[in-house]
Amino acid sequence: MKRFQRGHDVEGLLSAIEDTGAVIVTEFLPDSALIQLRGAIKGRAESVKAGAEDGINFWEKFHGAQTKRFTGIGLTSEVFFDLLEDDYLACLADQLLGDSGHQYWMNTCQAMIIGPGEAAQVLHRDGDNWSNVMARTWPNCPELTVSLILALEDVDEVVGATRVVPGSHRWTDYERSPEPAESIPATLLAGDALIYNGRVFHGGGANQTVDRWRWALHLSFVVGWLTPEEAASQIYPASLIEHRSPRVKRLLGMSSFNPYPGRGGRLWLKDFAEWI
């Protein structure tokens, strides 16, 4: 995977994502914001148990028995809102999800903290959250989602760096499953970010240590005509959002979707009227 310094021209990043499915942006988050975000997430993680608790075997395995996950990051840190407003990330998302008329919303923002001894996650596509769209339109499906994994501390292979299968977004056979050996680790320094599209295979790596945790944050966007993973409008109270920018309100589900000038109907209306 190619590495780019933050601020590199967007066209270069987009070309690399189109080529391999993922890129690494170094020094994506400045130290001051990183320290604040890391401290807030570590503090909250102390009260979170590892493993899924929904009783569904697939999700227990997928989320990881030794992994801590939680959402509602904006209830923990103001840096969450800074990420939603980030001009560089917004420019990338606008281009990658442009078929939606630049109208997309937050899919999820969650801490992904891989604990010692955790097995490697199954390699998967994020776009398969909406597999009916992906499967029916592959290999010419539109870009549905774009994701960022931000390293809160240095992330190397032995602690569980996310593994990516470069070029798998270009495979013509939708049913083809990758072998683990086809994947490579996205090693990151604290503040670096892995940015990847929704069609590339990837997965959290195995944490081969006995005493280290992989501290990372996942943030993703999805086109406005699909349902996101995180029910943000049910998590964030209006009092926390009402003074925010129109972009933040839209990303958190507090505005309608209008595909114009593209085709399709307006969605997420109030009594048949658009709102924000």
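Keep in mind it's a predicted model, so treat the numbers as computed, not measured.

S.K.: If you had to explain the overall build of the protein chain to someone new, which residues and values would you point to?
M.R.: Within the protein chain, the regular secondary structure consists of 9 helices and 10 strands. In terms of overall dimensions, the protein chain is globule-like: its C-alpha atoms have a radius of gyration of 18 Å, near the 19 Å expected for 276 residues. The dimensions of the protein chain, computed from C-alpha atoms along their principal axes, are 55 × 45 × 45 Å. Here the protein chain holds 276 residues, and 53% of them are scored as buried.

S.K.: Kindly report on the sheet that holds strand E2 (residues 22-26), identifying the contributing residues and their values.
M.R.: Ordered by their spatial adjacency, 7 strands build an open sheet running E1-E2-E8-E5-E10-E4-E3, and the pairing between neighbours is mixed. In this open sheet, the two strands that pair with only one neighbour each are strand E1 (3-5) and strand E3 (67-70). Going from strand to strand, the sheet's axes swing by 25° on average, the running direction of each strand aside. Two strands pair when backbone bridges link them, and strand E5 (residues 145-151) and strand E10 (residues 214-223) are joined in this way by 7 bridges, in the antiparallel orientation. The residue bridging Leu148 from the neighbouring strand is Leu219, located in E10. Its contacts with the sheet put helix H1 (residues 10-20) on E1, E2 and strand E8 (193-197), and the angle it makes with E2 is roughly 145°.

S.K.: Give a detailed account of H1, specifying residues and quantitative values.
M.R.: Of all the positions in H1, only Val10, Gly12, Leu13, Leu14, Ala16, Ile17 and Thr20 are classed as buried. Those residues of H1 that are buried lie in contact with E1, E2, helix H5 (87-96) and E8. The first or second residue beyond H1 is Gly21, which carries a positive phi of 95°.

S.K.: Could you give an account of the layout of surface pockets, naming the residues involved and the relevant values?
M.R.: Over the atoms rolls a probe the size of a water molecule, and in doing so it shows where empty space is left. By volume, the largest pocket amounts to about 820 Å³. As for the largest pocket, its lining consists of 40 residues, and the residues nearest its centre are Trp59, Phe62, Arg69, Gln121 and His124. Secondary-structure elements contributing two or more residues to the lining of the largest pocket are helix H3 (57-63), E3, strand E4 (104-114), E5, strand E9 (202-203) and E10. Counting residues per element, the lining of the largest pocket draws most heavily on H3, at 6 residues. Classifying every residue of the lining of the largest pocket gives 13 nonpolar, 19 polar and 8 charged. Within this model, the second largest pocket holds a volume of roughly 300 Å³. Of all elements in the fold, only E4, helix H7 (232-235) and helix H9 (246-251) reach the threshold of two or more residues within the lining of the second largest pocket. Within the lining of the second largest pocket, the residues separate by chemical class into 13 nonpolar, 8 polar and 2 charged.

S.K.: Any chance you could break down a nonpolar patch on the surface for me, citing the residues and the numbers?
M.R.: On the surface, a cluster of nonpolar side chains totalling about 300 Å² of accessible area is made up of Trp225, Leu267 and Trp268. Turning to its location among the elements, Trp225 is positioned in the loop between E10 and H7. Trp225 sits in the partly exposed class, given a relative accessible area of 37%.

S.K.: Hey, could you go over the packing of aromatic side chains for me, with residue numbers and the actual values?
M.R.: Aromatic ring pairs are described here by two measures, namely the spacing of the ring centres and the angle between the planes. Counted under the stated rule, the structure contains 8 aromatic pairs. Ring centres 5.0 Å apart and planes at 75° place the aromatic pair Phe80 and Phe81 in the edge-to-face group. Of the two residues, Phe80 and Phe81, neither departs from the other in class, the shared state being buried. Each member of the aromatic cluster is reached from another via a ring pair, and the members are Phe80, Phe81 and Tyr236. The ring of Phe28 has Arg6 lying over it, and the distance from NZ or CZ to the ring centre is 5.0 Å. Sitting over the face of the ring of Trp275, Lys270 holds its NZ or CZ atom 4.2 Å from the ring centroid.

S.K.: Which residues make up unusual backbone geometry, and what values go with them?
M.R.: At the junction of Trp138 and Pro139, the peptide bond is cis and its omega measures out at 5° in the coordinates. Within the element layout of this structure, Pro139 appears in the loop between helix H6 (131-137) and E5. Backbone torsion omega between Tyr260 and Pro261 reads 10°, so that peptide bond is classified as cis. Within the secondary structure, Pro261 is located in the segment after H9. Positive phi, normally seen in glycine, also occurs at Glu27, with a value near 50°. The residue Glu27 is located in the loop between E2 and helix H2 (31-45) in this model. A relative accessible area of 54% means that Glu27 is categorised as exposed. Residues other than glycine seldom take positive phi values, yet Phe272 does so here, at roughly 70°. With respect to the helices and strands, the residue Phe272 is situated in the segment after H9.

Quick notes on the rules
Residues numbered from 1 in each chain as written. Predicted model: local features only at pLDDT ≥ 70, side-chain atom pairs only at ≥ 80, totals over all residues. Heavy atoms only, no water. Helix = DSSP H or I, 4+ residues; strand = E, 2+ residues; numbered from the N terminus. Rg over C-alpha atoms; globule rule 2.2 N^0.38 Å. Buried < 20%, exposed > 50% of the residue type's maximum accessible area, 1.4 Å probe, protein only. Pairing = 2+ DSSP bridges. Axes fitted to C-alpha atoms, helices over the stretch in contact; angles between N-to-C directions. Contact = heavy atoms within 4.5 Å. 1 Å grid on protein atoms, 1.4 Å probe; cavity = no way out; pocket = protein on both sides within 12 Å on 5 of 7 lines; lining within 4 Å. Points joined across faces, edges and corners; volume = space filled by probe spheres on them. Nonpolar A, V, L, I, M, F, W, Y, C, P; charged D, E, K, R; others polar. Patch = residues over 30% accessible without salt bridge, like charges linked within 9 Å, V, L, I, M, F, W, Y side chains within 5 Å. Areas by Shrake-Rupley, 256 points an atom, 1.4 Å probe, with all protein chains shown as cover. Salt bridge = Lys/Arg side-chain N within 4 Å of Asp/Glu carboxyl O. Phe/Tyr/Trp six-rings, centres within 6.5 Å; stacked < 30°, edge-to-face > 60°. Lys NZ or Arg CZ within 6 Å of the ring centre and 35° of its normal.

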